[in-house]
Amino acid sequence: MFKRVTGTKDILPEEASSWQRIEAEARNIFSLYNYREIRTPIIEEVSLFNRTLGTTAEIVQKQMFLIHNQEDTYALRPEGTASIVRSYLENNLDKTSGFIKLYYIGPMFRLERPQKGRLRQFHHIGCEAIGSQDAALDLEIIALAVQLLKSFGISGYKIKINSLGCPKDKHALSLRLKESLEEKSRELCADCQERIKNNVLRVLDCKNQTCQEVVKTLSMNQSHLCTDCLAHFEEVKKGLNLLDIPFQVQDRLARGLDYYNRTVFEITHSDLGSQDAIGAGGRYNNLVHELGGPDLGGIGFAFGVERLLLAIGALTENTRKKLVYLITLGEAAKTAGIKILDQLRKSDIACDTDYLCKSLKGALRAANDAGADSVLILGDDELKNDIITLKDMSKSTQKEVKIEDLTKELKC
Ligand code: HAM
């Protein structure tokens, strides 16, 4: 028997209703903030990610799913931001819209070692606001993330924020880090010893326990920030206080991707174990320019849907419509039943029937297994008199209803 690929998951009907609810809540909240949906392809040119996430990023070095064919090599997208900015430029949205707010929902792929909350195919609910450097937008983005969490019924999370500053500040931060880490280089993993030379910021997000211990000993603060970046960060923090959004400044938060500058943030949840980030994001003021566009700022975030679901636990609310199950007895009733099902569905009533030609007892059991709220029974006698038997499954009562009145009866 075939098995699903390692690190992937089947979302069975029971769980799919939770996904539908989360997606519907997300679409509603995004529209309140005037974000519009964008859908980009799952495959992209590999160089798009090398260029934007950085060749030293763990995602690029170790986690890309590559598709080779005779002519080209493509990547299954590991994240959405690079693709959205590529699409923004390719479709000239910078010229037609300038400032734009976009959201996306869809699968992402990373070749990671699977564990609880870490998959090779997982899903993002994310958004990107492109075309402004205003700190008020950073605030809106974080407030939007908070409102989404509220709509999903998630509490008990922590928001950690930091500012990496502009490219000059990032460079200053890197030099300082390099100096402090070179002394401790022998305590770091082989990858981090290389990272000190190539991209020292990546040492900050190394998952290796001993490297994390070293990182904890570093004395870090916001002193790498220039006056403008410091003022920008202060404005973001002031806004969060104004909106009563609790946050912690975490000086070591660098986020594992090269495109970030200025504000970065991460939202964690203590119920999730070691993979505790339910979502994360930040500013990428050079990304549009880096991909050949004008000098425009951008900011966004993404939630991991599987981790949101772990934080929510089992969603109890049932989003399923009430189900009517039709049982027909005999050929004439079966033909009449086809018409009845058609009319009910056209009247927005969810219904199903027995396709296994079971006995009345077997069909009633099937109706019960399908979770039917009511059952219709149509036999030759009923058909002759233009009536149908309507059985309420929870009350175990039944009555006869005229076929012409059936829709009205089921709607009330
Ligand atoms: P990220 O932190 O790499 O950011 O991913 C965002 C979220 O996706 C994580 O916080 C986590 O919840 C979830 N996630 C990541 N990897 C996995 C995995 N292997 N299995 C399950 N869930 C996972 C980004 O991707 C950025 N593009 C976010 C962003 C948007 N920044 C600016 N705009």
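On a predicted model such as this, the values are computed, not experimentally measured, just so you know. (Residues numbered from 1 in each chain as written. Predicted model: local features only at pLDDT ≥ 70, side-chain atom pairs only at ≥ 80, totals over all residues. Heavy atoms only, no water.)

Undergrad: With reference to specific residues and values, describe the overall build of the protein.
TA: In terms of regular secondary structure, the protein is built from 16 helices and 16 strands. Here the C-alpha radius of gyration of the protein, 28 Å, is well above what a compact globule of 412 residues would show, namely 22 Å. For the C-alpha atoms alone, the extent of the protein along its principal axes is close to 90 × 50 × 45 Å. Burial analysis of the protein (412 residues in total) assigns 49% to the buried set. Here the contacts in the protein between residues at least 6 apart in sequence split such that 69% fall between residues at least 24 apart. Total accessible area computed for the protein in this model is approximately 21500 Å², and 49% of it derives from carbon and sulfur atoms. Put simply, the protein has 56 plus and 57 minus side-chain charges, and the middle of one group is 2 Å from the middle of the other. (Helix = DSSP H or I, 4+ residues; strand = E, 2+ residues; numbered from the N terminus. Rg over C-alpha atoms; globule rule 2.2 N^0.38 Å. Buried < 20%, exposed > 50% of the residue type's maximum accessible area, 1.4 Å probe, protein only. Contact = heavy atoms within 4.5 Å. Areas by Shrake-Rupley, 256 points an atom, 1.4 Å probe, with all protein chains shown as cover. Lys, Arg positive; Asp, Glu negative; His and termini not counted. Charge placed at Lys NZ, Arg CZ, Asp CG, Glu CD.)

Undergrad: Can you break down the site of the ligand residue by residue, with the values?
TA: In the vicinity of the ligand there are 26 residues, among which Glu 79, Glu 112, Leu 119, Tyr 260 and Ala 277 approach most closely. Side-chain polar atom of Arg 110 to an oxygen atom of the ligand: 2.9 Å apart, as the coordinates give it. Tyr 260 is positioned with one of its side-chain polar atoms (N or O) 2.6 Å from a nitrogen atom of the ligand. Alone, the ligand offers 660 Å² of accessible surface; in the complex the protein occludes 95% of this. Elements that contribute at least two residues to the shell around the ligand include exactly strand S6 (121–130), strand S10 (277–283) and strand S11 (298–304). Counting residues per element, the shell around the ligand draws most heavily on S10, at 6 residues. A per-class count over the shell around the ligand returns 11 nonpolar, 8 polar and 7 charged. (Near = heavy atom within 4 Å. Polar contact = N/O pair within 3.5 Å; in protein donor to acceptor, adjacent residues only side chain to side chain. Nonpolar A, V, L, I, M, F, W, Y, C, P; charged D, E, K, R; others polar.)

Undergrad: Account for the layout of surface pockets, naming residues and giving values.
TA: Roughly 480 Å³ of volume is contained in the second largest pocket. Lys 322, Ser 374, Asp 392, Leu 410 and Cys 412 are the residues nearest the centre of the second largest pocket, which is lined by 19 residues in total. Only strand S12 (323–328), strand S15 (387–392), strand S16 (397–402) and helix H16 (406–411) provide two or more residues apiece to the lining of the second largest pocket. Here the lining of the second largest pocket is composed, by residue class, of 7 nonpolar, 4 polar and 8 charged. (1 Å grid on protein atoms, 1.4 Å probe; cavity = no way out; pocket = protein on both sides within 12 Å on 5 of 7 lines; lining within 4 Å. Points joined across faces, edges and corners; volume = space filled by probe spheres on them.)

Undergrad: Hey, could you go over the pattern of salt bridges for me, with residue numbers and the actual values?
TA: Inspection of every chain in the model, using the stated rule, returns 23 salt bridges. We note a salt bridge from Lys 207 to Glu 112, for which the minimum N-O separation is 3.8 Å. Linking Lys 207 in the loop between helix H8 (190–198) and helix H9 (209–217) with Glu 112 in the loop between strand S5 (100–109) and S6, this pair joins segments that are 95 residues apart in sequence. You can call Lys 207 partly exposed: its relative accessible area is 48%. Taking relative accessible area as the criterion, Glu 112 reaches 10% and is therefore assigned buried. In this structure, the salt-bridge partner of Glu 266 is Arg 255, at a minimum N-O distance of 3.9 Å. Of this pair, Glu 266 sits in strand S9 (residues 261–269) while Arg 255 sits in the loop between strand S8 (248–249) and S9, and the two are 11 residues apart along the sequence. Among the ionic contacts, a cluster of salt bridges with common partners joins Arg 27, Glu 37 and Arg 39. (Salt bridge = Lys/Arg side-chain N within 4 Å of Asp/Glu carboxyl O.)

Undergrad: An account of the side chain of Ser 374 is needed here, citing residue identities and associated values.
TA: Within the fold, Ser 374 resides in strand S14 (residues 374–378). Note on Ser 374: relative accessible area 12%, which makes it buried. Setting aside anything within four residues of it in sequence, one finds Ser 374 in contact with Leu 323, Val 324, Tyr 325, Leu 390, Lys 391, Met 393 and Leu 410.

Undergrad: Give me the lowdown on the sheet that holds strand S1 (residues 36–37), citing residues and values where you can.
TA: Paired through their backbone hydrogen bonds, the strands of a sheet run either parallel or antiparallel. Reading across from one edge, S1-S5-S6-S11-S10-S9-S7-S8 is the order of the 8 strands in this open sheet, with mixed pairing throughout. The sheet is open, and its two edges are formed by S1 and S8, each paired on a single side. Its contacts with the sheet put helix H4 (residues 81–90) on S5 and S6, and the angle it makes with S6 is roughly 45 degrees. (Pairing = 2+ DSSP bridges. Axes fitted to C-alpha atoms, helices over the stretch in contact; angles between N-to-C directions.)

Undergrad: Pulling in residues and values, what's your account of H9?
TA: Where H9 is concerned, the buried positions are Cys 211, Val 214 and Val 215. Taken end-on, H9 shows its buried residues confined to a sector of 100 degrees, consistent with a single buried face. Facing away from the buried side of H9 by over 90 degrees, the exposed positions are Gln 209, Lys 216 and Thr 217. (Arc of directions from axis to C-beta.)

Undergrad: Run through the sheet that holds S15, naming residues and quoting values.
TA: The strand order across the open sheet built from 5 strands is S13-S12-S14-S15-S16, with neighbouring strands paired in mixed fashion. The sheet is open, and its two edges are formed by strand S13 (350–353) and S16, each paired on a single side. Put simply, the sheet's adjacent strands are angled 25 degrees from each other on average, direction ignored. Contacting S12, S13, S14 and S15, helix H13 (residues 331–346) runs over the sheet at an angle of about 160 degrees to S13.

Undergrad: Explain the packing of helix H1 (residues 13–32) against helix H6 (residues 135–152) to me, and be specific about the residues and the numbers.
TA: Across the interface, H1 lies against H6 with an axial gap of 9 Å and an inter-helix angle of 145 degrees. Every pair of crossing elements has a handedness; the one defined by H1 and H6 is right-handed. Along its contact with H1, which presents Arg 21, Ile 22, Glu 25, Ala 26, Ile 29, Phe 30 and Leu 32, the element H6 presents Leu 144, Gln 147, Leu 148, Ser 151 and Phe 152. Classifying every residue of the contact of H1 with H6 gives 8 nonpolar, 2 polar and 2 charged. (Left-handed = near helix turned anticlockwise from the far one by under 90°.)

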